Amino acid sequence: MELKRNQYLIDGIPVTKIVEKYGSPLYIYDSAKMVSQYKRMTKAFSNTKVRINYAAKALTNLNILKIFRQQGAGLDAVSIQEVRLGLKAGFDPQDIIYTPNCVSIEEICEVADMGVRINIDNISILEQFGHRYGSSIPVCIRINPHILAGGNQKISTGHIDSKFGISIYQTPLVKRVVETNNMRVEGLHMHTGSDILDVEVFLRGAEIILDTAKEFEELDYIDFGSGFKVAYKADDIETDIEALGQQLSKRFNDYCKEVGRELTLIFEPGKYLVSEAGFFVARTNVIKQTTSTVFAGLDTGMNHFIRPMFYDAYHDAVNISRPNGKTRIYTLVGYICETDTFGWNRKITEISEGDYIMFRNAGAYCFAMASNYNSRCRPAEVLVHEGRDHLIRKREEFDDLTRNIVEAEI
Ligand SMILES: *Cc1c(COP(=O)(O)O)cnc(C)c1O
């Protein structure tokens, strides 16, 4: 994304051109940014045996999954449907780790039978799985290291009250279940939350999981999850991936030497790989001045873009129809019958009705969380790849809303 001669460009293509071609509102993704983030991460960990599994739930379009597969990534899937999408995108089943939470044993077995790696996050499932498969299918265990991490409560998963993972204090019970059922534990996993800024927090979590790993002699990998923070505005601090790479790789290599086993270090980033590669563009329907506020009302809402309301997330917004000019203060809102505010009191170049507003950091958890609330259709998705724009998901139509409705004889 760059601003050049009064136009915002993605890989050389003016964003206004793309939205005029495909309509508004629109999600646009820049594959070059995804690839550069992936490469930056692999480079940061180039001193150790690392594998990056893309967390499919952040942005699940098949074309995006294919881009990461082509880069050599694996896949982190949290539902059988994501597993199926991964297989459809050409991932080898063994390159997919399935990390379900509170999912039925039936679904977990179905995924295991597809040859996908299974990450288990509670004792009950571990017992049932072990009873059924014994040593025939190895498992990964999701540990809850009980460290407080993450940008806010909704996205923190490692604390004591979290529903995720098996407490490290239950390791003796895990071992008992594993030994009794003659199971093989091939991996240990932790994922303590999203938007973790501090390299120290990762390292502290790493110490805990490495310590626990000594209890399992047949490990092939340790999955450190994700949670890397990206920049949401100018001067925003992001996780220092290079510093983390340097420090954790060294620690990990030393550990492997110490235990005499060559393990693979795994990460499963979503946001880090796709957040900044995504842009969401919407058209201004009305400028509405009230006694205290100037609202810019857009042709979209929390149905398409819920992060600002759900997580209080800050998403930078610019007027791409008029990038230069004097700025004024606007509150950006949606058209849904809820208070769906995208941003309060934003300084934006003067907006006229009809102008296109572009939100940044719209790659992760944006389209993926879109709904049909207020009976609105979900937007189209466009991928800019090697200097060309490609439609990768059609805009929904009215028929899509009624497709599964059954008109009962009432
Ligand atoms: C959501 C999730 C991720 C990805 O988290 P990001 O903050 O987007 O990088 C990774 N692993 C698991 C198990 C997840 O649930």
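Residues numbered from 1 in each chain as written. Predicted model: local features only at pLDDT ≥ 70, side-chain atom pairs only at ≥ 80, totals over all residues. Heavy atoms only, no water.

Chemist: Any details on the packing of aromatic side chains? Residues and values, ideally.
Modeler: Enumeration according to the criterion identifies 18 aromatic pairs in this entry. For the ring pair Phe342 and Phe359, a centre distance of 5.1 Å and an interplane angle of 50 degrees mean the geometry is tilted. A residue pair is termed long-range when its members are at least 10 positions apart, and Phe342 in strand E18 (residues 341–349) and Phe359 in strand E19 (residues 356–359) qualify at 17 residues. In terms of burial, Phe342 and Phe359 fall into one category: buried. Taken together through their ring pairs, the aromatic side chains of Tyr27, Tyr29, Phe280, Phe305, Phe342, Phe359 and Phe367 make up a single cluster. In this structure, Arg346 packs its charged tip against the face of Tyr314, placed 3.9 Å from the ring centre. Above the plane of the ring of Tyr335 lies Arg376, whose end atom (NZ or CZ) is 4.2 Å from the centre. (Phe/Tyr/Trp six-rings, centres within 6.5 Å; stacked < 30°, edge-to-face > 60°. Helix = DSSP H or I, 4+ residues; strand = E, 2+ residues; numbered from the N terminus. Buried < 20%, exposed > 50% of the residue type's maximum accessible area, 1.4 Å probe, protein only. Lys NZ or Arg CZ within 6 Å of the ring centre and 35° of its normal.)

Chemist: Quick rundown of empty space enclosed by the protein? Include the residues and the values.
Modeler: With a probe scaled to a water molecule rolled over the atoms, the places where space remains empty come into view. Across all of its chains, the model carries 2 cavities of 30 Å³ or more by this definition. In this model, the largest cavity occupies a volume close to 50 Å³. Pro100, Cys102, Val103, Ile108, Asn119, Ile120, Asp121, Asn122 and Ile125 are the residues that line the largest cavity. Here the residues of the lining of the largest cavity are counted per class, giving 6 nonpolar, 2 polar and 1 charged. (1 Å grid on protein atoms, 1.4 Å probe; cavity = no way out; pocket = protein on both sides within 12 Å on 5 of 7 lines; lining within 4 Å. Points joined across faces, edges and corners; volume = space filled by probe spheres on them. Nonpolar A, V, L, I, M, F, W, Y, C, P; charged D, E, K, R; others polar.)

Chemist: Could you give an account of the pairing of strand E6 (residues 74–77), naming the residues involved and the relevant values?
Modeler: Here E6 shows no split at all, with Gly74 and Asp76 on one side and Leu75 and Ala77 on the other all buried. In this sheet, E6 lies alongside strand E5 (residues 50–55) in parallel orientation, the contact comprising 3 bridges. The partner of Asn53 across the bridge, within E6, is Gly74. With helix H3 (residues 62–71) bridging E5 and the parallel E6, this β-α-β connection has right-handed handedness. In this fold, E6 hands off to helix H4 (residues 80–88), which returns the chain to strand E7 (residues 96–98); that crossover is right-handed. (Pairing = 2+ DSSP bridges. Right-handed = clockwise from strand over helix to strand, strands pointing away.)

Any link to function would need more than the numbers given here.
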